[in-house]
Amino acid sequence: MNVLLVGSSGELKERKIGKQIDKFDVVCRINSGGRPECLTGEYKDIIGEKTNLWLCSHIGLFNFFSTSMYDKAISFNEEYYNDNKERLINLEFCGDQVLIDCKETLLNFNNNKGVPTSGILSIFYLLSKYKDVTICGFDGFTKGHWYGNKFIGNQDKSDIIASKGLGRHNALKEYEYIKHLIKTNKIKKLWVI
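Some thoughts on the packing of helix 6 (residues 96-110) against helix 7 (residues 118-129)
Thinking step 1. The interhelical angle for the contact between helix 6 and helix 7, taken along N-to-C directions, is 120°, at an axis separation of 9 Å. The element helix 6 and its partner helix 7 pack so that their crossing is right-handed. On helix 7, the residues touching Val98, Leu99, Asp101, Cys102, Thr105 and Leu106 of helix 6 are Ile120, Leu121, Phe124, Tyr125 and Ser128.
Thinking step 2. When the residues that make up the contact of helix 6 with helix 7 are grouped by side-chain class, the tally is eight nonpolar, two polar and one charged.

Put into structure tokens, the structure is as follows:
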């Protein structure tokens, strides 16, 4: 079973690989990239429309949008999971070990003390569940999010800060680790990063 994690790089908007994305057995979306309106109309050419997993640390998205179009909705917040598992029948918690492994691995790899992004948490989650994991739309925030400021007013500014290794997330150090995972054949890439 091949699994694809779709990131949010602006490069996706340029490449328009939606049909290629939808050929994977399992397609995983992250945060706003999994919103229902992103998977229809003009956007389906950019990121496809297949919906198997929605991995989300922005838990408000699970409240505003139905998770029913997904096989599973994965929360990185255990409290949210416990409070909502009865209401959202396809909701799962990623597991404490995924969170611990991600933070410890990044710290040991290159002293990354930043808060892990949803993207890197998603990679750790998928590697704990699947053997054949491919990613696309990951570039260390250098091309911003493909949807720009549509959902978060200051997304572009936040991306610039993150791409410099500043702010809440250290995208530079996370991206170093993602490249390490590719180089050591732990994950594949859909195109050259």
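Considerations on the side chain of glutamate 11
Thinking step 1. Here glutamate 11 lies in helix 1 (residues 11-15).
Thinking step 2. For glutamate 11, the side chain forms a polar contact with the side chain of arginine 15, separated by 2.8 Å.
Thinking step 3. The residues contacting glutamate 11, other than those within four sequence positions of it, are Lys143 and Trp191.

Section: the environment of histidine 145
Thinking step 1. Mapped onto the elements of the fold, histidine 145 is located in the loop between strand 6 (133-136) and helix 8 (155-163).
Thinking step 2. Using a relative accessible area of 12% as the deciding quantity, one classes histidine 145 as buried.
Thinking step 3. C-alpha of histidine 145 to C-alpha of glycine 33: the two residues are 112 residues apart in sequence and 9.2 Å apart in space.
Thinking step 4. Non-local contacts of histidine 145, meaning those with residues more than four positions away in its chain, are made with Ser8, Ser9, Gly10, Gln155 and Asp159.
Thinking step 5. Among the polar contacts made by the side chain of histidine 145, one reaches the side chain of serine 8 at a distance of 3.2 Å.

Thoughts on the packing of aromatic side chains
Thinking step 1. All told, the structure shown has nine aromatic pairs when counted by the stated rule.
Thinking step 2. Arranged with centres 5.1 Å apart and planes meeting at 90°, the rings of tryptophan 54 and phenylalanine 62 form a pair that is edge-to-face. For the pair formed by tryptophan 54 and phenylalanine 62, the shared burial category is buried.
Thinking step 3. Aromatic side chains tryptophan 146 and tyrosine 147 sit 5.3 Å apart centroid to centroid with 80° between the ring planes, which places their arrangement in the edge-to-face category.

A few points about the pairing of strand 3 (residues 53-56)
On any regular strand, side chains alternate: one points to one face of the sheet, the next to the other face.
Thinking step 1. Because side chains alternate across strand 3, one face comprises the buried residues Leu53 and Leu55, and the other comprises Trp54 and Cys56, equally buried.
Thinking step 2. Of the pairings in the sheet, the one linking strand 2 (residues 26-30) to strand 3 comprises three bridges and is parallel in character. By the bridge assignment for strand 3, cysteine 28 is matched with leucine 53.
Thinking step 3. Strand direction decides the pairing type here: strand 3 and strand 4 (residues 72-75), joined by four bridges, are parallel. Looking across to strand 4, one finds that leucine 55 is bridged to isoleucine 74.

A closer look at the pairing of strand 2
Thinking step 1. Counting buried positions along strand 2 yields five of five residues, so the element is predominantly enclosed.
Thinking step 2. With three bridges connecting them, strand 1 (residues 3-6) and strand 2 associate as parallel partners. In the strand pairing of strand 2, valine 3 is matched with valine 26.

Rules and cut-offs
Counting of residues starts from 1 at the beginning of each chain's written sequence and follows it residue by residue. Side-chain atom pairs in this predicted model are given and counted only at pLDDT of 80 or more, local residue features only at pLDDT of at least 70, and totals for whole chains, interfaces and linings cover all residues. As a rule here, side-chain values cover all heavy atoms of the structure and leave hydrogens and water aside. To obtain each axis, a line is fitted to C-alpha atoms, and for helices this fit is confined to the stretch in contact; angles are then taken between N-to-C directions over 0 to 180 degrees. The helix and strand labels rest on DSSP assignments: H or I over at least four residues marks a helix, E over at least two residues marks a strand, and numbering proceeds from the N terminus. Working rule for handedness: look at the near helix, and if it is turned counterclockwise from the far one by less than a right angle, call the crossing left-handed; if clockwise, right-handed. The contact criterion used throughout is that any non-hydrogen atoms of two residues lie within 4.5 Å. Note on residue classes: Ala, Val, Leu, Ile, Met, Phe, Trp, Tyr, Cys and Pro are nonpolar, Asp, Glu, Lys and Arg are charged, and everything else, Gly too, is polar. Polar contacts, as used here, are pairs of N or O atoms within 3.5 Å; protein pairs need one atom able to donate a hydrogen and one able to accept it. Residues neighboring in sequence count only if both atoms are side-chain atoms. Under the scheme applied here, a residue whose accessible area is under 20% of the maximum for its type counts as buried, over 50% as exposed, and between as partly exposed, the area being computed with a 1.4 Å probe on protein chains only. Aromatic rings from Phe, Tyr and Trp, with only the six-membered ring used for Trp, were paired whenever their centres fell within 6.5 Å, and each pair was classed as stacked if the ring planes differed by under 30 degrees, edge-to-face if by over 60, and tilted otherwise. Whether two strands pair comes down to DSSP finding at least two bridges between them.

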